[in-house]
Structure formats: structure tokens, C-alpha cells
Amino acid sequence: MQADHFSMNYKYQEVIDSLKDFQQTDDKDQHAHYQFLKTDAEMWLTNNSDDAIFGFNQLLLLHDDISDIFTILATCELGVAYSQKKDITKANFYFEQTASLFKNYNTNNNLFWSLLIYDNLGMYYANNDKLEKCIDITTSGLNLAQRNGSSYFVESFYYLLSEMAEQQGKHSEAIQYTIQPIHLLNS
């Protein structure tokens, strides 16, 4: 739980430090959780996409439940890692796989991780000029955050919605999305 907390706050060295005391277990879910946190933190600390790709693929091979949040996250982060390598074809493959796996996932089970996936998919769709998909996935993420009283990724969701509205020539709507997080802070 401590490593989760550090990861949620982008304190990746603290994630690595807190995982040092982790006792290996036969529990596949705990092992997948550990593998995801460790690989993700190392990817952001070292900017070594090749090692991250290996670690995430290892998680996918060792964990056979494809509907588990950590396998969906590993698939998503493979898209991120390939994006960092500027290998767009492979990044697109993993982001599309993430969207497919995530479609039937109960997002209420893991709020932060679900919001992270919504955010990553929204950015993927925005960067690939898939406006309607970006709007749909981002709106879903925003609705999930609001239903659960979470502020995680809300600013990013509004930013993406603002960008999509601007691309559609809806300038006043874009402005409303831009200032919405300010209204939330003042309420």
C-alpha cells in the first residue's frame, strides 16, 4: 500500500525503496502488483524503455488473468514505453489492446489505476486525432472521478476535453473546459 501511495504521487525512488522489503509470495495477484510497481517506477526513474518493455512483458507472460488491473496496466504502459521510443506502430497496438481489455473492466474496483488508464487512453486518442474516442474515454474518466469524489487526473481530463473542443472549432466550450478546474478549486 505504501508503494501504491508513492506511485500515485510520482515518487518513484520511494516506490523502489518501499518495495525492497517486499517478501516474494506465491500469490499471483501480489506478484503482478509488485512487478507492475517496480517496472513502472524503474521506467520513469531511468527512462530505459527497453528494460520496461521486458518487465511489462514478463508480467503479462507470468500472469494469466487478462482481466486483472495489473495486466491491463502493463499493456497500457507498454504503449507508453513504445511511445517514448517513438515506435508508434507498436505503441498503437498496445493502446488498442488496453482499450479492448479495459472495456469490460469494473473501474470501481481500482479507482486510481482506472483513472490512470483513462488518462493514458485519452492522450493516446488525442495524439492520434481520434477526437470522438478521446472525448468518450476522457468523459468516462472524468465521470468516474466525479462519482467517487476523486481529484486524480481531473485537470488532465479537462485539458484534453478543452483541446478536443478547440480542434472542433468550439472555442467557448474549450474555454469552459479550461476554467472548470479553477472553479473546482474555489468550491
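In this text, all values refer to a predicted model and were calculated from it rather than measured experimentally.

Just checking my understanding: could you explain the overall build of the protein chain for this structure?
Regarding its fold elements, the protein chain presents ten helices and zero strands. Along the protein chain, helices and strands appear, N-terminal first, in the series α-α-α-α-α-α-α-α-α-α. A compact globule built from 187 residues would reach a C-alpha radius of gyration of about 16 Å, and the protein chain, at 17 Å, matches this within 12%. Oriented by its inertia axes, the alpha-carbon framework of the protein chain measures out at about 55 × 40 × 30 Å. Sorting the 187 residues of the protein chain into buried and exposed places 45% on the buried side. A separation of at least 24 residues holds for 55% of the contacts in the protein chain among residues at least 6 apart in sequence. Surface accessibility of the protein chain: about 10200 Å² in total, with carbon and sulfur atoms responsible for 50%. Looking at charge distribution, the protein chain has the averaged site of its 12 positive side-chain charges lying 4 Å from that of its 25 negative ones.

Looking at this model, I keep getting lost on helix α4 (residues 49-62). Mind explaining?
The α-helix advances 3.6 residues per turn, and as a result positions three or four apart in sequence lie on the same side. With 14 residues, α4 extends 20 Å between its outermost C-alpha atoms, agreeing within 8% with the 20 Å of an ideal straight helix rising 1.5 Å per residue. Turning to α4, its buried residues number three or more, namely Ser 49, Ala 52, Ile 53, Gly 55, Phe 56 and Leu 59. End-on, the buried residues of α4 take up no more than an arc of 165 degrees, which puts them together on one face. Exposed positions of α4 whose direction lies more than 90 degrees from the buried face are Asp 51, Phe 54, Leu 61 and Leu 62. In this structure, the buried side of α4 is in contact with α3 (28-46) and α5 (69-84).

Which parts of the structure should I look at to understand the environment of Asp 68?
Mapped onto the secondary structure, Asp 68 falls in the loop between α4 and α5. Residue classification places Asp 68 among the buried positions, given a relative accessible area of 11%. Apart from residues no more than four positions distant in its own chain, Asp 68 is found in contact with Asp 29 and His 63. Looking at Asp 68, its side chain comes within polar contact range of the main-chain nitrogen of Phe 70, at 2.8 Å.

Teacher, can you tell me more about the environment of Ile 53 here?
Mapped onto the fold, Ile 53 is located in helix α4. On the basis of relative accessible area, Ile 53 is assigned to the buried category, the value being 9%. In this structure the C-alpha to C-alpha distance between Ile 53 and Thr 75, which are 22 residues apart in sequence, comes to 9.6 Å. Beyond its immediate chain neighbours, meaning those up to four positions away, Ile 53 contacts Leu 78, Ala 81, Tyr 82 and Lys 85.

I'm lost on the packing of aromatic side chains in this one. Help?
Aromatic rings considered in pairs are described by the distance between their centres and by the relative angle of their planes. A complete count under the given rule lists 16 aromatic pairs for this structure. Their ring planes at 75 degrees and their centres at 5.1 Å tell us that Phe 112 and Trp 113 sit as a pair that is edge-to-face. Each member of the pair, Phe 112 as well as Trp 113, carries the same accessibility label: buried. Arranged with centres 5.5 Å apart and planes meeting at 40 degrees, the rings of Phe 112 and Phe 153 form a pair that is tilted. Residue Phe 112 is located in helix α7 (residues 111-127), and its partner Phe 153 is located in the loop between α8 (131-147) and α9 (154-167); the two are separated by 41 residues in the primary sequence. In this structure, Phe 112 and Phe 153 share a single accessibility class: buried.

I would appreciate a short explanation of α7 in the present structure.
Here α7 is 17 residues long and its end C-alpha atoms lie 24 Å apart, about the 24 Å a rise of 1.5 Å per residue gives. Most of α7 sits out of view: 14 of its 17 residues are buried.

Any chance you could explain the nonpolar core here in plain terms?
Soluble globular proteins: nonpolar side chains tend toward being buried together. Counting 57 residues, the largest nonpolar core has Phe 36, Leu 73, Trp 113 and Leu 121 as the members making the most contacts within it. Filtering out sequence-adjacent residues up to four positions away, Leu 73 remains in contact with Phe 36, Trp 113, Leu 116 and Ile 117.

Help me understand the environment of Asn 47, please; the structure alone is not making it clear to me.
Tracing the backbone shows Asn 47 in the loop between α3 and α4. On the basis of relative accessible area, Asn 47 is assigned to the exposed category, the value being 56%. Separated by 47 residues in the primary sequence, Asn 47 and Tyr 94 have C-alpha atoms spaced 19 Å apart.

Cut-offs and rules
- Residues numbered from 1 in each chain as written.
- Predicted model: local features only at pLDDT ≥ 70, side-chain atom pairs only at ≥ 80, totals over all residues.
- Heavy atoms only, no water.
- Helix = DSSP H or I, 4+ residues; strand = E, 2+ residues; numbered from the N terminus.
- Rg over C-alpha atoms; globule rule 2.2 N^0.38 Å.
- Buried < 20%, exposed > 50% of the residue type's maximum accessible area, 1.4 Å probe, protein only.
- Contact = heavy atoms within 4.5 Å.
- Areas by Shrake-Rupley, 256 points an atom, 1.4 Å probe, with all protein chains shown as cover.
- Lys, Arg positive; Asp, Glu negative; His and termini not counted.
- Charge placed at Lys NZ, Arg CZ, Asp CG, Glu CD.
- Expected span 1.5 Å × (residues − 1).
- Arc of directions from axis to C-beta.
- Polar contact = N/O pair within 3.5 Å; in protein donor to acceptor, adjacent residues only side chain to side chain.
- Phe/Tyr/Trp six-rings, centres within 6.5 Å; stacked < 30°, edge-to-face > 60°.
- Core = buried A, V, L, I, M, F, W, Y, C linked by side-chain atoms within 4.5 Å.

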